[in-house]
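These are the residues of each chain, in order.
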Amino acid sequence: MDGLLMNKLTKPSILAAAIALACTVGTARPADISLPPDPSVLQGQELVSYACSKCHGVSGNGISISPIFPILAGQQSIYLEEQLKLLRQRYRSDPHARAFMWGISRALTDEQIQSVATYFSSLPPVTGRPSNNPALVAKGKEIYENGVPEPRKVIKCIECHGETSEGTNTVPRLAGQHPGYVALQLHYYRSKLRVNKLMNRNVQNITDDEIAAVTEYISTLTPTPSP
Amino acid sequence: MLVAQPASAIPPFARQTGLACEACHTLPPELTPFGRRFKLSGYTLTTRPPLVNDIDDHKKNTLWLTDLPGIAVLAQLNYSHYNRAPPDTGQPYPAHAQSDTYQFPDQFSLAYAGAVSDKVGAWMQLTYNGQAGSVGIDNIDIRYSDHTADNKWLWGITANNYLTFQDVWNGIGSYTIPNFNTVSLATGGVAGASTTGPILNALGPGVVAGIGAYVFYNDSLYFELSAYHSAVAGGNSPVVDSVSLAANGGALDRFAPYARIAYEYDWGYNSAEVGASGLYANWIPSASYISAQQQLAANAANAAATAPGGNGITYTPAQTFNPGAINRYTDLSVDWQYQYNGQHNIFGLLGHVTHERQQNSDQLVAATFTGASSPIYSNPTDTLTQFLITGEYFRNRHYGGLVSFTRTTGRSDPLANGGNGSPANQYETFELDYVPWLNFRLILQYDVYQVVANNQSPFNLSNSQFPNSPGFTNIKAGNNNTWVLGLWMDY
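Residues numbered from 1 in each chain as written. Chains lettered and ligands numbered in written order. Predicted model: local features only at pLDDT ≥ 70, side-chain atom pairs only at ≥ 80, totals over all residues.

### Some words on the overall build of chain B
Then, number 1: A tally of helices and strands in chain B yields six helices and 19 strands.
Then, number 2: Taking all 491 residues of chain B together, 47% fall into the buried category.
Then, number 3: Here the analysis covers contacts within chain B between residues at least 6 apart in sequence; of these, 64% occur between residues at least 24 apart. (Helix = DSSP H or I, 4+ residues; strand = E, 2+ residues; numbered from the N terminus. Buried ≥ 20, exposed ≤ 12 C-beta atoms within 10 Å, placed from the backbone. Contact = placed C-beta atoms within 7 Å.)

### With respect to the overall build of chain A
Then, number 1: Broken down by element type, chain A carries eleven helices and zero strands.
Then, number 2: In chain A, the succession of helices and strands from N to C terminus is α-α-α-α-α-α-α-α-α-α-α.
Then, number 3: Going through the 227 residues of chain A one by one, you find that 46% of them count as buried.
Then, number 4: In chain A, once contacts between residues fewer than 6 apart in sequence are set aside, the share between residues at least 24 apart is 67%.

### Things to note about unusual backbone geometry
Residues and elements named next belong to chain B.
Then, number 1: Following Pro28, the chain continues into Pro29 via a peptide bond in cis, with omega recorded as 5 degrees.
Then, number 2: Tracing the backbone through its elements, the reader meets Pro29 in the loop between helix H2 (21-24) and helix H3 (33-40).
Then, number 3: Phe104 connects to Pro105 through a cis peptide bond whose omega is 0 degrees.

### Thoughts on the nonpolar core
Then, number 1: Membership of the largest hydrophobic core comes to 54 residues, with the highest contact counts inside it found for Leu47, Leu84, Val116 and Phe120 of chain A together with Cys24 and Ala113 of chain B.
Then, number 2: Element by element, the count of residues in this core is highest for helix H3 (residues 44-56) of chain A, at six residues.
Then, number 3: Leave out the neighbours within four places in its chain, and Phe120 of chain A touches Gly62, Leu72, Ala73, Gln75 and Leu80 of chain A.
Then, number 4: One finds Val208, Leu252, Ala325 and Ala416 of chain B within the second-largest nonpolar core, a separate group that totals 27 residues. (Core = buried A, V, L, I, M, F, W, Y, C linked by C-beta atoms within 7 Å.)

### Some thoughts on the interface of chain B and chain A
It is common to give the size of an interface as the accessible area lost on bringing the parts into contact.
Then, number 1: Taken together, the contact pairs 32 residues of chain B with 34 residues of chain A.
Then, number 2: At the level of elements, H2, H3, strand E1 (52-55) and strand E11 (256-267) of chain B are the ones that each hand at least two residues to the side of chain B that touches chain A.
Then, number 3: Of the residues forming the side of chain B that touches chain A, the biggest block, four residues, is contributed by E1 of chain B.
Then, number 4: Looking at side-chain class alone, the side of chain B that touches chain A contains 13 nonpolar, ten polar and nine charged residues. (Nonpolar A, V, L, I, M, F, W, Y, C, P; charged D, E, K, R; others polar.)

### Some details on the pairing of strand E18 (residues 440-451) of chain B
All names here are of chain B.
Then, number 1: Bridge count for strand E17 (residues 425-437) against E18 is ten bridges, and the pairing is antiparallel. Residue pairing in the sheet places Thr429 in a bridge with Asp447 of E18.
Then, number 2: Adjacent in sequence and paired antiparallel, E17 and E18 are bridged by two residues.
Then, number 3: Where E18 and strand E19 (residues 482-490) come together, eight bridges link them in antiparallel fashion. Across the sheet, Arg441 pairs through a bridge with Trp488, a residue of E19. (Pairing = 2+ DSSP bridges.)

### A word on the packing of H3 of chain A against helix H6 (residues 110-122) of chain A
Residues and elements named next belong to chain A.
Then, number 1: One way to put it is that H3 packs onto H6 with a least axis distance of 8 Å and a crossing angle of 90 degrees. Here H3 is positioned roughly perpendicular relative to H6, judged by the angle of their axes. Across the interface between the two elements, Gly44, Gln45, Leu47, Val48 and Cys52 from H3 touch Gln112, Ser115, Val116, Thr118 and Tyr119 from H6.
Then, number 2: Across the contact of H3 with H6, the residue classes tally to five nonpolar, five polar and no charged. (Axes fitted to C-alpha atoms, helices over the stretch in contact; angles between N-to-C directions. Parallel < 35°, antiparallel > 145°, perpendicular 65-115°, else oblique.)

### A word on the domain arrangement of chain A
All names here are of chain A.
Then, number 1: In terms of domains, chain A is made up of domain 1 (40-124) and domain 2 (134-220).
Then, number 2: The distance between the C-alpha centroids of domain 1 and domain 2 comes to 22 Å.
Then, number 3: Across the contact, twelve residues belong to domain 1 and 15 residues belong to domain 2.
Then, number 4: When the residues that make up the side of domain 1 that touches domain 2 are grouped by side-chain class, the tally is six nonpolar, three polar and three charged. (Domains from an automatic or database assignment.)

### Description of the pairing of strand E8 (residues 208-217) of chain B
Residue and element names in this part refer to chain B.
Then, number 1: Only one face of E8 is covered, namely the face carrying Val208, Gly210, Gly212, Tyr214 and Phe216; the face carrying Ala209, Ile211, Ala213, Val215 and Tyr217 is uncovered.
Then, number 2: As paired elements, strand E7 (residues 153-160) and E8 share eight bridges and run antiparallel to each other. Across the sheet, the residue bridging to Leu154 is Phe216, located in E8.
Then, number 3: Alignment of E8 against strand E9 (residues 221-230), held across ten bridges, turns out to be antiparallel. Bridged to Ala213 within E9 is Leu225.
Then, number 4: Two successive antiparallel strands, E8 and E9, enclose a turn made up of three residues, where Asn218 displays a positive phi of approximately 55 degrees.

### Overview of H3 of chain B
Residue and element names in this part refer to chain B.
Then, number 1: Where burial is concerned, most of H3 is hidden: eight out of the eight residues are buried.
Then, number 2: Every buried residue of H3 is listed here: Pro33, Phe34, Gly35, Arg36, Arg37, Phe38, Lys39 and Leu40.
Then, number 3: Immediately downstream of H3, the backbone of Gly42 shows phi near 80 degrees, a positive value.

### Looking at the confidence of the model for chain A
Should pLDDT be low for a region, the predicted coordinates there are not to be read in detail.
Then, number 1: Mean pLDDT over chain A: 84, with 80% of residues reaching 70 or higher.
Then, number 2: In this model residues 1-37 of chain A is a low-confidence stretch, pLDDT under 50, and it forms 34 contacts with partners more than four residues away in sequence or in other chains. (pLDDT = per-residue confidence, 0-100.)

### Concerning the environment of Asn420 of chain B
Then, number 1: Secondary-structure assignment places Asn420 of chain B in the loop between helix H6 (414-417) and E17.
Then, number 2: As a C-alpha pair, Asn420 of chain B and Ala453 of chain B span 33 residues in sequence and 8.9 Å in three-dimensional space.

### Structural notes on the confidence of the model for chain B
Residue and element names in this part refer to chain B.
Then, number 1: The predicted model of chain B has a mean per-residue pLDDT of 84, with 81% of residues at 70 or higher.
Then, number 2: The least confident element of chain B is helix H5 (residues 292-304), whose mean pLDDT is 67; the most confident is E11, at 98.
Then, number 3: A low-confidence stretch, residues 1-7 stays under pLDDT 50, and its non-local contacts, those more than four residues away or across chains, total 29 contacts.
Then, number 4: Interface confidence in the predicted complex, given as ipTM, is 0.83; pTM for the same model is 0.87.

### Re the environment of Arg254 of chain B
Then, number 1: The topology assignment puts Arg254 of chain B in the loop between strand E10 (250-252) and E11.
Then, number 2: Separated by 29 residues in the primary sequence, Arg254 of chain B and Trp283 of chain B place their C-alpha atoms 9.0 Å from one another.

### Remarks on the packing of helix H7 (residues 134-146) of chain A against helix H11 (residues 208-220) of chain A
All names here are of chain A.
Then, number 1: As a packed pair, H7 and H11 sit with axes 7 Å apart at the nearest point and diverge in direction by 95 degrees. On the basis of their axis angle, the class for H7 and H11 is roughly perpendicular. Residues Leu136, Val137, Lys139, Gly140, Lys141, Ile143 and Tyr144 of H7 form the contact with H11, whose own contacting residues are Glu210, Ala212, Ala213, Val214, Glu216, Tyr217, Ile218 and Thr220.

Written out as structure tokens, the structure is:
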């Protein structure tokens, strides 16, 4: 009995169990022990299809339907990688980060995070959508390009996010993003539910009306290709 | 028959996926588009690494166990206060009727919920039912599911014991909203009134089991074909006899086919669905049956006791009445659901219309009756149409409520329904909810009745049936109005 048991344990199961254990403490698995049904070894598109696509675009196109979830198609790779790591370590702790991404990212390896970020960043970004409120868009454009002057002082978005809000490195692409999603993030930054010292300071005095305007403007933008 | 109400959200799913309840539910048990996909995918999405994993020589996964099984504890309590105490039904001695009841618990369940492998998942629930006073098998749904790499096509097989439990929309079936309801759409609860309803809502745990196949295309078009068979709790005999029929009010004869089609369209924070379903069921109702053998014995006994003790009845061969009198039900339904699942606000508008045609067995209809006891239907064919519409609103998943209207009409059948024979009922449900934590919900509900079918309410029965309440003549439907204070929790 013992012999049989030991014999079985020395076969792949013990290896798999050991790998599983290693995975739980955050060590990357050897790439050649790939078991397709095991989400902890899926990479890139497979992983997106298995998990991410359920919210961020069911066909894997990175274009979410509900504004609760951001559009990720064409997002900056470095930004995505950084955010996934912040979510995995639970540093980013706004309500939706807790509700959705803490769990989803909890067992991701650095390799997986990189492959997912690369996958989404390689997708064609969305084009801006027409707005039926040109006055609001004009007001948003003014805030985006010039900020809000003293004494409230909201820094102009264009300075970091770029002329067509294509973003760069750790600065996210916002062009064409769901206005509802961007608005919620601005509320989170303003209330410090989402922590980023720069953004917390930049938008600490922004009003709800200004958030509505600038997010409406951002949603109409079509970004230029990433440098 | 008593159909337990299905449990709502299941924390093991949250533990397995790492997602909070709001990923799958607006408020449990109503599903979001994500929740629908999770269920149709066989409850298999997991972000939990395995503790035990085995593979075969082809590197195919043969075992996948996480550190803890997905076990849930669910409890539902309710305190119900009726508009007035029901009449004293104590026979032969007087009883004491109160105007309230405390179900503690109304339901208490242990359940396994979650992935069994990478493509198979299950929901298996054991429930103590306060009204039945016993523990029994409750809802079970075991699924296999797979999909194409681009997620365009998702398909699956479900084996379950509750027709409509497998459904993922909430306008119809076991997860119809309102869900915390002492008045089951199928039959009665603890409240004063119970209501007539289509057989579609009544084929639940302990009565039937079925298997079905489904496909979901492009996250929008759903098609399912299922077949249900009688699966009476407490026996494994293919023979349906009077005892097993009496236990559940009847049984299915052979397989009952069920087809379901639905179309969902999601945009922004919105999700809209319209669907249709059809059920054809051969149902053997519980009745006073006598077999040929019993008939011979009875005739012999009657002949032997010609005077005292003899009942004077001599059965003829034509009156032989075996279990096997079959009513044929055809249920056709249309359902719809609109859901707005915003950052702070949730709206819903959902409901259904079900039309039922019930072709009664000649053996049980008055005009063609050949049975031993007495006929139980006046009409060869009865009909029933149930309409339900619910509107709901919740703020920040903390506060909210709903208003629901249900109306059932149908062909009058005095033998089946008593009194004037109408199966009609009409009532509204008003509900306020306070949800301090997503797995702990307080419910205040008021059910208001305008019409209750004659034999469904203690208040509608004739005075002669209440010898201990001689003055009891008030048969207003409003007597059934009920306040319910409920608590639902799980962990």
